[in-house]
Amino acid sequence: MSDIRVRFAPSPTGKVHIGNIRAAIYNWLYARHTGGKFLLRVEDTDLERSTPEAIQVRCDCMKWLGLDYDEDVFYQSRNVKRHLEVVDQLLASGHAYKVERTSRDGKTGIVTMFKMPKDGTIAFDDIVKGHMAKKAEDIQDFAIVRSDGSPIFHIANVVDDIDQKVTHIIRGDDHVENTFKHICIFQALGAPVPKYGHLSMIVNQQGKPYSKRDGAAFVGEYRDQGYLPEALFNYLLLLGWNPGGDREVLTREEMIRLFELEKVHVTAAMFDPKKLQWMNGEYIRRATKETYRANFEAQVKAAGFDLGIFAALKSGLQELLLDQLQIRTKFWNDIPAMVAPFFTDDYPMDEKAVAKRLRKPGVKEILLDLADRFEKLEPFTTAAGEAMVKELSQGQGMGPWVHPIRVAVSGRGEGIGLFEMCEILGKEKTVARLRRAAATL
Ligand code: GLU
């Protein structure tokens, strides 16, 4: 155990941005790595936008990603009395003052301002960015209580960090300017200043902050698109940190053991959707056979196919099909299209593949010849099918045979091993489909 205490302090308005959840991931890993505590603070002072639904969305995303928190959730809106007590303290000690202000809509009211020190330098050693400093005179006094009496972010955020005994504040570098102000508040209150680590932005291919204009920017979208939480977690972790060497896919235990905040990159991290897709496939490939089978069955059922057809396969063939699919699946919801030819004779024919592989002179004859040969093949196995076509090709490459067979029996230009597919379909179906395709040419 250590006395390190970090927190994720989202303002629950709208959806959860991937940059925001990456901050949660880094805080969580830092706490788990150091044996400290990971706290959740809901900064819900914007009561109009911080609806119970918006808060629930955050909790659901955290649960989905396995970001469990310690202690009870801390709601900022429930600490307002304390925020205002601290403001009174600052007024009494001369670190704050009241002033009449006219707001944009022309109304005048009294606001409370924090009085910045007028000389000296505000400095801190950022765990990620290194030494940071700014002249106090370059920062103006700033409001901490609105004219309606409600506390403003700066005071609420600092008081809550004091009350939650937060030792390390790990947050996005859009908060760097706030941090200079916040340090002055901690000092004015005689409270220990936490350590800071500011995380660089996630940027698009052009180096601009990654937003919904660039693609899916919210955690829920990835969940809905069939991404695995473990893959998204791993990918977001690598956006700004890596364990060294060329290892990229890590177990949760390895992440916890290896994560070091000091090694988080200073430069902005570029979001690469292709790499995230690859990562998802990696996780599916590494899933246990039981997990794969369960997802396969769920997808097959959801697509309306009859699982009985699969259950009727000889047991060796069930495993063969699952193994063949598992190494090629990038998303769980790719499965229905991949397996359609096993469940129905009415599978869609990919027009491009048909044009490229079937509508060519000589293919009709090849298909009919193959149908005759397959019909006589005994036993009808992967090895026997392959040996037969190899012999036909006489060492010239099996392409002219295998491509037409694949499109004829599955409607697609790609998929699991061809001869494995024929064996799983069985002789009767394979032969019938070769003849059916030939008849269309
Ligand atoms: N609610 C703030 C945000 O989401 C908190 C920042 C922080 O101190 O972590 O940006």
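Structure shown above.
Described below are features of the structure shown in this document. Because the structure is predicted, anything quoted here is derived from the model rather than measured.

Rules and cut-offs
Residues numbered from 1 in each chain as written. Predicted model: local features only at pLDDT ≥ 70, side-chain atom pairs only at ≥ 80, totals over all residues. Heavy atoms only, no water. Buried < 20%, exposed > 50% of the residue type's maximum accessible area, 1.4 Å probe, protein only. Helix = DSSP H or I, 4+ residues; strand = E, 2+ residues; numbered from the N terminus. Pairing = 2+ DSSP bridges. Right-handed = clockwise from strand over helix to strand, strands pointing away. Salt bridge = Lys/Arg side-chain N within 4 Å of Asp/Glu carboxyl O. Near = heavy atom within 4 Å. Polar contact = N/O pair within 3.5 Å; in protein donor to acceptor, adjacent residues only side chain to side chain. Areas by Shrake-Rupley, 256 points an atom, 1.4 Å probe, with all protein chains shown as cover. 1 Å grid on protein atoms, 1.4 Å probe; cavity = no way out; pocket = protein on both sides within 12 Å on 5 of 7 lines; lining within 4 Å. Sits in = over half its atoms within 2 Å of the grid points. Nonpolar A, V, L, I, M, F, W, Y, C, P; charged D, E, K, R; others polar. Core = buried A, V, L, I, M, F, W, Y, C linked by side-chain atoms within 4.5 Å. Contact = heavy atoms within 4.5 Å. Axes fitted to C-alpha atoms, helices over the stretch in contact; angles between N-to-C directions. Expected span 1.5 Å × (residues − 1). Arc of directions from axis to C-beta.

This part is about the pairing of strand 2 (residues 37–42). Among the six residues that make up strand 2, five are buried, leaving the element largely enclosed by the rest of the structure. Sheet topology places strand 1 (residues 5–8) next to strand 2; four bridges connect them, and they run parallel. Looking at the pairing, R7 lines up with L39 of strand 2. In terms of strand pairing, strand 2 meets strand 3 (residues 74–75) through two bridges, oriented parallel. Its bridge partner lying in strand 3, R41 is registered against F74. With helix 2 (residues 52–64) bridging strand 2 and its parallel neighbour strand 3, the resulting β-α-β unit is right-handed.

This model, assessed by the stated rule, comprises 28 salt bridges. Residue R5 is joined to E71 by a salt bridge in which the shortest nitrogen-to-oxygen separation is 2.9 Å. Placement of R5 in strand 1 and of E71 in the loop between helix 2 and strand 3 is noted, with a sequence separation of 66 residues between them. Given a relative accessible area of 16%, R5 falls into the buried group. With a relative accessible area of 43%, E71 lands in the partly exposed category. When the shortest N-O distance is used, the salt bridge between E260 and K263 registers 3.2 Å. A relative accessible area of 48% means that K263 is categorised as partly exposed. Linked through salt bridges whose partners overlap, the residues forming this network are R7, R41, E43, D160 and D161.

With respect to spatial proximity, the complete set of residues near the ligand consists of R7, A9, P10, S11, E43, F153, N157, R171 and H175. A distance of 2.7 Å is found between an oxygen atom of the ligand and a side-chain nitrogen or oxygen belonging to R7. Between the ligand and the protein, one listed contact pairs a nitrogen atom with a backbone N or O atom of A9 at 2.8 Å. Within the complex, 84% of the 290 Å² of free accessible area of the ligand lies under protein. Here the ligand is seated within the largest pocket. Looking at the shell around the ligand, its residues break down into three nonpolar, three polar and three charged.

This part covers unusual backbone geometry. Each neighbour pair has its own omega, and for E378 with P379 the value is -5°, a cis peptide bond. One can find P379 in the loop between helix 15 (363–376) and helix 16 (382–393). Its identity as a non-glycine residue notwithstanding, K165 has a phi of 55°, on the positive side. Following the sequence through the fold, K165 ends up in the loop between helix 4 (153–163) and strand 9 (168–172). Phi is positive for Q394, close to 45°, though the residue is something other than glycine. Structurally, Q394 can be placed in the loop between helix 16 and helix 17 (399–410). Look at Q394 and you get exposed, because its relative accessible area is 67%.

So, about the pairing of strand 5 (residues 108–114). Burial runs high along strand 5: five of the seven residues are buried. In this structure, strand 4 (residues 96–102) lies alongside strand 5, joined through seven bridges in antiparallel fashion. By the bridge assignment, K98 is partnered in strand 5 with T112. Taken together, strand 4 and the strand that follows it, strand 5, pair antiparallel across an intervening segment of five residues, in which G106 is found at a positive phi of about 85°. Sheet analysis places strand 5 next to strand 8 (residues 142–145), joined by three bridges and oriented antiparallel.

With that out of the way, let us pick up the nonpolar core. Membership of the largest hydrophobic core comes to 103 residues, with the highest contact counts inside it found for I21 and F296. Counting residues per element, this core draws most heavily on helix 1 (residues 18–34), which supplies ten residues. For I21, the residues in contact, after removing those within four places along its chain, are F8, V16, M62, L65, L67, V219 and L236. Listed in part, the 30 residues of the second largest apolar core include F114, I139, V158 and A191.

With that settled, consider the sheet that holds strand 8. On the basis of which strands lie adjacent, the open sheet formed by three strands has the order 4-5-8 and antiparallel pairing. Sheet topology places strand 4 and strand 8 at the edges, where each strand pairs with a single neighbour. Between one strand axis and the next, the sheet turns through 55° on average, direction left out of account.

Glancing now at the environment of V339. Summarising the element assignment, V339 is placed in helix 13 (residues 335–343). Given the relative accessible area of 0%, V339 is considered buried. If near-sequence neighbours (up to four positions away) are discounted, V339 is found in contact with F296, V300, F305 and L325.

Since the α-helix packs 3.6 residues into each turn, any two residues three or four apart lie on the same face. Look at helix 2: 18 Å from first C-alpha to last across 13 residues, which is about the 18 Å you get at 1.5 Å a residue. Among all positions in helix 2, only A54, I55, R58, C61 and M62 are buried. Here the buried residues of helix 2 occupy an arc of 125° about the axis, which is enough to place them on one side. Seen from the open side of helix 2, the exposed residues pointing more than 90 degrees away from its buried face are P52, E53 and K63. Elements that come into contact with the buried residues of helix 2 comprise strand 1, helix 1, strand 2, strand 3 and helix 6 (219–224). Positive phi shows up at G66, right after helix 2, with a value of about 75°.

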